[in-house]
Every structure is written in structure tokens, then in C-alpha cells.
Amino acid sequence: MSISVALTKGRLEAKTVSLLEKCGYGTEALKDKGRALVFPDSKKDVRYFLVKANDCITYVEHGVADVGVVGKDTLMEGGSDYYEMLDLQTGKCCFIVAGLKDSSPLEKSGHIRIGTKYPNVARNFFRQRGMDVEIIKIDGSVELAPVLGLCDGIVDIMETGTTLKENGLVVYAKVADISARVIVNKASFKLKRDEIMAFVNDLERMTGNAEENR
Ligand code: PRP
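Note that this is a predicted model, so its numbers are computed, not measured. (Residues numbered from 1 in each chain as written. Predicted model: local features only at pLDDT ≥ 70, side-chain atom pairs only at ≥ 80, totals over all residues. Heavy atoms only, no water.)

Moving on, we come to helix H1 (residues 11-22). Within H1, burial applies to Leu12, Glu13, Lys15, Thr16, Val17, Leu19 and Leu20. Looking at the packing, one finds that the buried side of H1 touches strand E1 (3-8), helix H2 (28-31), strand E3 (46-51), strand E4 (67-71), strand E11 (180-184) and helix H9 (193-206). Gly24, located one to two residues past H1, shows a positive phi value of around 90 degrees. (Buried < 20%, exposed > 50% of the residue type's maximum accessible area, 1.4 Å probe, protein only. Helix = DSSP H or I, 4+ residues; strand = E, 2+ residues; numbered from the N terminus. Contact = heavy atoms within 4.5 Å.)

See below:
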């Protein structure tokens, strides 16, 4: 039986395609993709979709995709009706709390305002510390928000740290490590167990070398 795999577009895309190629998958269509969004594998009975991270979870939860490759950041923020099968050890970065120099939001008493693209992750982090937090949802360029005075700090992804540094922000805490994960639809796992396990095992064999894909 054929399996459908939802891949996350953007930062993870090239790393995932490279990993698939090293595992012997036929990724030519994914590498020369034009405006297409659905791609057949040239060597195996697999077809790929390229979707945004949040949509990757949605497609897998609804069983339209049997398998998804998506960042742990997106999994931590929402969705839980899937099996998380494998840490691909690539796309490594972390969630951090950052703010202006000498102005840690963690040291502030009383009400604090945190800007973030990840409201659930941020809310959980501060509430677990018993802090009175107001979450301000921001869709991008989150580093700008404390600089302009919209909030006391941010919860965001840090990969190289360059964006924080160039905007005069410093890290005050690490919230969690992040990397790419393989998720599987629960019903698909019953119906197509052998095909899905073959796919997961192929990727797992390469994850020891995944650092090379960064
Ligand atoms: C992410 C993240 C940071 C930046 C971190 O944003 O939100 O802004 O990357 O990377 P660095 O530590 O290597 O500098 P992204 O580039 O995805 O864009 P966005 O802010 O528009 O969402």
C-alpha cells in the first residue's frame, strides 16, 4: 500500500529532502518542484505533500497524510492526536525566553507581557513558574516587539542566535530543545503498519548521521 507523507515547507524542507535522499528515496520531484505541492517518489510507493508546519499536524490528524515530518516546536504548541515516532536529530534549535539587556522578564514582579508566535508554549512556561503572564500573539519578527516596548520579553526559536544579537536581545532561559520529528496517524498505523515502519526505520538508520544535514 502506498503511503502519503506531509513534509514541512521552509527551514526543515531541504534538510528533510536531503535525509530522504540519503535513505534511498527518489526525491527528484521534491528538488525540482516549481509550484507543485504534491510529489511522487520516483523509487518507492510514497507520495509527498509540502505544507506549512501547523497544517502538517492537521493533515496527519485527519489521516490525509499517513506520516508527517514537523518541528517539535509546532508539536509543543498544538495537536496531540498522532503518534510521535522518531526524532530526526536535524533542524536543531531551541525555545528561549529573551528580553532587553539587564531587563529579564523572569526577574520582573507582578504582571508581565510576553510576545510570541507560540502562545501555548509561552503561557505554560510562565504559569509553571507561578508568574502573572499576558501573552501577546505575534506572527513574525518577534524580536522587534520588546525593542519597541510592546512586551517585557519574548518566547521564540533560537537557531544561531544572530537575530537576537542583532536586535540587542539576550537569552534569559531555555524553554526546550527542538528538532524535526516524524509523526504518524493512529489509524494509518494500524492499516499500513509495515509500510510506515519501513519508512520510519529507513529514516532512523540515518539519524545518527543527521548532523551532516544541518
Ligand atoms: C525564526 C525565529 C527567529 C529566528 C531565529 O524566525 O522566530 O526570528 O528564526 O534564528 P537565528 O537564531 O538563527 O537568528 P523566521 O526566520 O522563521 O522568521 P519570522 O520571524 O518571520 O517567523
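What follows is about the domain arrangement of the chain. Annotation of the chain at the domain level lists domain 1 (3-91 + 179-207) and domain 2 (93-177). Counting from both sides, the interface comprises eight residues of domain 1 and, opposite them, 10 residues of domain 2. A combined buried area of about 760 Å² lies between domain 1 and domain 2, and 46% of that area is made up of carbon and sulfur atoms. Ranking the residues of domain 1 by area buried against domain 2 places Asp73, Met76 and Glu77 at the top, with a combined share of 66%. Here Glu159 and Arg11 are joined by a salt bridge, their closest N and O atoms 2.5 Å apart. Across the domain 1-domain 2 interface, the total number found is five residue pairs in polar contact (both at pLDDT 80 or more). Taken together, the elements giving at least two residues each to the side of domain 1 that touches domain 2 come down to H1 and helix H4 (72-77). The element that contributes the greatest number of residues to the side of domain 1 that touches domain 2 is H4, accounting for four residues. (Domains from an automatic or database assignment. Buried area = accessible area lost by both parts, 1.4 Å probe. Salt bridge = Lys/Arg side-chain N within 4 Å of Asp/Glu carboxyl O. Polar contact = N/O pair within 3.5 Å; in protein donor to acceptor, adjacent residues only side chain to side chain.)

The end-to-end C-alpha distance of H9, which contains 14 residues, comes to 20 Å, matching closely the 20 Å that a straight helix rising 1.5 Å per residue would cover. By the burial criterion, the buried members of H9 are Ile196, Phe199, Val200, Asp202, Leu203 and Met206. The buried residues of H9 occupy one face: seen down the axis, they fall within an arc of 155 degrees. Turned more than 90 degrees from where H9 packs its buried face, Asp194 and Arg205 sit exposed. (Expected span 1.5 Å × (residues − 1). Arc of directions from axis to C-beta.)

Another point: the sheet that holds E4. The mixed open sheet is built from six strands, whose spatial order is E2-E3-E1-E4-E11-E5. Both outer strands of the open sheet, strand E2 (38-40) and strand E5 (83-87), are each paired with one neighbouring strand and no more. The sheet shows a mean angle of 25 degrees between the axes of neighbouring strands, direction not considered. Examined bridge by bridge, E1 and E3 share six bridges and lie parallel to one another. Within E3, the position partnered with Thr8 by the bridge is Val51. Contacting E1, E3, E4 and E11, helix H3 (residues 53-61) crosses the sheet at an angle of about 150 degrees to E4. Packed on one face of the sheet, H9 meets E1, E4, E5 and E11 and runs near 30 degrees to E5. (Pairing = 2+ DSSP bridges. Axes fitted to C-alpha atoms, helices over the stretch in contact; angles between N-to-C directions.)

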